[in-house]
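Here are the chains, one letter per residue:
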Amino acid sequence: MRRRDERTRQRNGTQPAGRTRLPLRRSLLGRLLTVSALVAFCSVAATAWLAVQTTSVAIRQEQGRNLSTDARIYDTLLGYAAGHPDWTDVDGTVRDLARESGRRIVLTTEDRQPLFDSAAGASPAAELPTQASAVVDPLSVDTVLVPDAVPVGTDRVDPRAVGPFLLPAKERTVLRRSTTRSAECLAGMGIAADVVDSPSGRPWVRFVSDGTDRDSELKCLSVDGAETTATEDKALRALEQLADACLKRQGRTGVKLNLDLSWDRGYGQEGTDVGSSAPVPVPETGSTKEEVIERRMAEDKAAAAAAAGVAAEGRKAATDDSAAQARSSGYDRAVAACVGSARREQLTAYVAAPALLFIDGPGAVSVPGFDLSPANTARIAGVTALVLALTVGASVIAGTRLVRPLHALTGAAQRMRDGLDSAPVPVGADNEIGRLALAFNDMAAHRTRLEEQRKVMVSDVAHELRTPLSNIRGWLEAAHDGLAEPDPAFVSSLLDEAVQLQHLINDLQDLGAAEAGALRLHLEPVTVGDLLGQVAAAHQGPAETAGVTLEVATAPGAPPPPPVEADPVRLRQAVSNLLSNAVRHTPPGGRVTLRSYVTKGGAEVAVEVSDTGSGIPAGDVPHVFDRFWRAEKSRNRSTGGSGLGLAIVLKLAEAHGGTVTVTSAEGQGSVFTVRLPAMTDGDAEPPRHGEETTVRP
């Protein structure tokens, strides 16, 4: 009926709900594709992010190194220009810088006429970039490239450009002697100070700490005055003339410059420039400590005079001071601008002309950068898409190969559910899927064997029940028809058939209880030797009738085995089944032997039943404990029995915590061995006599 329904469903094109194909989003293949694509996307994104971060850091580091190298090259060439009137002998300096930095250095005039090229003659020089790296001009310093160690004034004139202020050796010696005495005086008062030379060669005192005693400083610094030398005075007067000419063109009065290029405020004849006589400093370029202190004292005096004037004059004086400060501020700006232009005009003849500086890496034109242009973006996107496509393709191939055997297993399982014969599932490589297919095939084969045994069991049970029932019915019908007399022989024959029927029913009941885990055992200490003697005595008659010698063997001088905790009735039943089976399969003149002994480990007691019968074929040995299995397929109980005895022995041995094994050689006999746990002195007290124990699997 089931097969007919299956054929009807196939013919109508309908399948059970369990056989509908899963949607891709819920299938194993779909999940594998999703996970693979997600992993690939995350991997590509993480790799791209890491590459961008690493490249950016490397670029910043390279740019920092290049900027540091550029600044050093620029500062060195700037110092050369500040100390030389032209670029005639710059080739040695440029070569040294190019060798140390490993870069190409080119100097040209402002109209790009070459002055010197470090790569000249080595190889065909590449064209110069459109924009120069810097302009080397000591009178207009690039404050971005100049190192922090070189102070630059607001006029952007390199402090190393001193021009006519450069002191000769004789004047330097005189000034150093005076400055050294001042430093020694300060050291005697516990004030740390060093003697430092300015770019012009004038030494000056530099204090190690700012927290010094001002009175002590004045006392030591006043030992010898800091008078200007003849060279400085000459250069300073020339600078004043240039500055005064600039101021006169603006209608302003002249200026008196100090050595540090600060000045005293003058007063105009027509009221255009008014103010106090306080010095207004400009950025210092090598001023001495004495000069700084003198200016501070002048400032203090000017501040005191201004305060006294305010107190004496009142509100009118305060108003005049405000107007004077406004006018003097404009005058100071004009003086500062004129002094700066005069200084550059004075130094022009002493410094090199401005030059364009080009700095290139080996074979490079500019500092490397990271250009994420649309073309590069498209290239990255294309590579990412290609990686994802390859990942998805590989996942599809791998997923298909993974899912195909699973589909085969699912189809085979569904065919088994529907009661159809299922062919073995192909077993692939030795992996998880292959082992699953192999286990499924074993399960299917075992299920097929169980199904065959079930069918055989039903047939055997029907036959075993029909035989005694047919005999009983035949004898009763004969008696009913008057063909047989109900004498004692008649009753005995009926009793034998009823006993056989009862034995079969009892065997089925015991086997069912053992398999269901509901077999009740009455456990108590049992002496195996005594039990074997009782079983041998009970089977002595049938053995003699069959012409078989039955004996209980004991090893000479060996101690008896220890007792076992068992149900004596069930244990006797197991041994009886083995013994009757041995007698049945032993020909006349053969021998059946019962023996008990302790195993080598001493933890088990073995009960051995051996015979010299026909033996069991090697291919049938694994099946001797199956239900209703018989080596001879005959249904004659005199030769094959019901096929339940050995199955019951196995279940009873397992219920007692033991095992049963068989060894057999065809034509020589068989040996069945039951092993049970032995009782020791340390075991717990066994259950009392008559106590029931239910054994479950």
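Per chain, residue numbering runs from 1 following the sequence as it is written. Restriction of local features to residues with pLDDT of at least 70 applies here, the model being predicted, together with a cutoff of 80 or more for giving and counting side-chain atom pairs; totals for whole chains, interfaces and linings are based on all residues. Here the side-chain values reflect all heavy atoms present in the structure, with hydrogen atoms and water set aside.

Draft legend 1. Broad picture of the pattern of salt bridges. Salt bridges, as used here, are contacts in which a Lys or Arg side-chain nitrogen is within 4 Å of a carboxyl oxygen on Asp or Glu. Counting across every chain of the model gives 14 salt bridges. With a shortest N-O distance of 3.1 Å, Arg 72 and Glu 100 are connected by a salt bridge. One end of the pair, Arg 72, is in helix H2 (residues 28-83); the other, Glu 100, is in helix H3 (residues 91-101), with 28 residues separating them in the sequence. Buried, partly exposed and exposed residues are distinguished by accessible area as a fraction of the type maximum, computed with a 1.4 Å probe on protein chains only: under 20%, between the cut-offs, and over 50%, respectively. When its relative accessible area of 34% is taken as the criterion, Arg 72 is described as partly exposed. Note on Glu 100: relative accessible area 55%, which makes it exposed. A salt bridge links Arg 473 to Glu 477; the shortest N-O distance between them is 2.8 Å. Of this pair, Arg 473 and Glu 477 both sit in helix H10 (residues 432-480), separated by four residues, roughly a single helical turn. The exposure class assigned to Arg 473 is exposed, which follows from its relative accessible area of 57%. Helical segments are the DSSP runs of H or I of at least four residues, strand segments are the runs of E of at least two, and each set is numbered from the N terminus.

Draft legend 2. Local environment of unusual backbone geometry. Positive phi values are uncommon outside glycine, yet Arg 112 reaches one of about 65°. The topology assignment puts Arg 112 in the loop between strand S1 (104-108) and strand S2 (114-117). By relative accessible area, which is 36% here, Arg 112 ends up partly exposed.

Draft legend 3. Focus on the pairing of strand S15 (residues 604-611). Taking burial as the measure, the eight residues of S15 include seven buried ones, the bulk of the element. Think of it this way: DSSP has to see at least two bridges between two strands before they count as a pair. Looking at chain direction, strand S14 (residues 591-598) and S15 are connected through seven bridges and run antiparallel. Bridge pairing in S15 places Ser 596 opposite Val 607. Where S14 folds back onto S15 in an antiparallel hairpin, the turn is made up of five residues, including Gly 602, whose phi is positive at roughly 80°. Pairing geometry for S15 and strand S17 (residues 669-677), over seven bridges, is antiparallel. Of the residues in S17, the one forming a bridge with Glu 608 is Thr 673.

Draft legend 4. Quick peek at the packing of aromatic side chains. Two rings from Phe, Tyr or Trp (for Trp, the six-membered ring) form a pair when their centres sit within 6.5 Å of each other. Planes less than 30 degrees apart are called stacked, planes more than 60 degrees apart edge-to-face, and all others tilted. As enumerated under the stated definition, the model contains two aromatic pairs in all. A centroid spacing of 5.9 Å and a plane angle of 25° characterise the contact between Tyr 80 and Trp 87, whose relative ring orientation is stacked. Neither Tyr 80 nor Trp 87 differs from the other in exposure class; each is buried.

Draft legend 5. Representation of the sheet that holds strand S16 (residues 659-665) in the model. Taken in spatial order, the five strands make up an open sheet running S12-S14-S15-S17-S16, and their pairing is mixed. Unpaired on one side and paired on the other, strand S12 (549-553) and S16 mark the two borders of the sheet. Between one strand and the next, the sheet's axes are offset by a mean angle of 15°, whatever the strand orientation. As judged from the seven bridges shared by S16 and S17, these two strands associate in the antiparallel manner. Considered in S17, the bridge of Thr 661 is made with Thr 673. Here, two residues are considered to be in contact whenever any of their heavy atoms come within 4.5 Å of each other. Working convention: axes come from line fits to C-alpha atoms, limited for helices to the stretch in contact. Angles between N-to-C directions cover 0 to 180 degrees. With respect to the sheet, helix H12 (residues 528-538) is in contact with S12, S14 and S15, its orientation differing from that of S14 by roughly 170°. Against the sheet, helix H14 (residues 568-584) touches S12, S14, S15 and S17, its axis set at about 25° to S15.

Draft legend 6. Structural detail: the nonpolar core. Joining through side-chain atoms within 4.5 Å is the link that ties buried Ala, Val, Leu, Ile, Met, Phe, Trp, Tyr and Cys residues into a set, and such a set is a nonpolar core. Grouped together as the largest cluster of nonpolar side chains are 43 residues, with contacts concentrated most on Val 564, Leu 571, Leu 578, Val 592, Phe 625, Phe 672 and Val 674. By residue number, the principal contributor to this core is H14, which donates seven residues. With residues up to four places along the chain from it excluded, the contact list for Val 674 reads Leu 578, Val 605, Ala 606, Val 607, Ala 653, Thr 659 and Val 660. By size, the runner-up hydrophobic cluster in this structure holds 22 residues, among which are Tyr 80, Leu 97, Ala 134 and Ala 352.

Draft legend 7. Here's a closer look at the packing of H14 against helix H15 (residues 645-655). As a packed pair, H14 and H15 sit with axes 9 Å apart at the nearest point and diverge in direction by 145°. Remark: the crossing between H14 and H15 carries left-handed chirality. When H14 is examined against H15, the residues Arg 570, Gln 573, Ala 574, Asn 577, Leu 578 and Asn 581 are found in contact with a partner set consisting of Gly 645, Leu 646, Ile 648, Val 649 and Leu 652. Among the residues making up the contact of H14 with H15, the classes are represented as six nonpolar, four polar and one charged. By the definition used in this description, the sense in which the near helix is turned from the far one sets the handedness, with an anticlockwise turn below a right angle giving left-handed and a clockwise turn giving right-handed. Three categories are distinguished: nonpolar for Ala, Val, Leu, Ile, Met, Phe, Trp, Tyr, Cys and Pro, charged for Asp, Glu, Lys and Arg, and polar for the others, with Gly belonging to the last.

Draft legend 8. Focus on the state of the cysteines. Here, the term disulfide refers to a pair of cysteine sulfur atoms separated by no more than 2.5 Å. Taken as a whole, this structure holds one disulfide when the rule is applied. With a sulfur-sulfur separation of 2.2 Å, Cys 246 is cross-linked through a disulfide to Cys 338. The disulfide joining Cys 246 to Cys 338 has a torsion of about -65° about its S-S bond and is therefore left-handed. Here the residue Cys 246 occupies a position in helix H6 (residues 230-249), and Cys 338 occupies one in helix H8 (residues 315-347), the gap between them amounting to 92 residues. In terms of burial, Cys 246 and Cys 338 fall into one category: buried.

Draft legend 9. Quick look at the environment of Ser 596. If you trace the backbone, Ser 596 turns up in strand S14. The sequence separation of Ser 596 and Val 674 amounts to 78 residues, and the corresponding C-alpha distance is 9.5 Å. Residue contacts for Ser 596: discarding those within four places in its chain leaves Val 528, Leu 532, Pro 561 and Ala 606.

Draft legend 10. Expanded view of the sheet that holds S1. If you walk across this open sheet you meet the four strands as S2-S1-S9-S3, and the pairing is antiparallel. Taken across any chain shown, the strands that pair with only one partner, and hence form the sheet edges, are S2 and strand S3 (134-136). Going across the sheet, the axis of each strand differs from the next one's by a mean of 25°, ignoring polarity. Here S1 pairs with S2 via three bridges, running antiparallel. Of the residues in S2, the one forming a bridge with Leu 107 is Phe 116. Against the sheet, H3 touches S1 and S2, its axis set at about 150° to S1.

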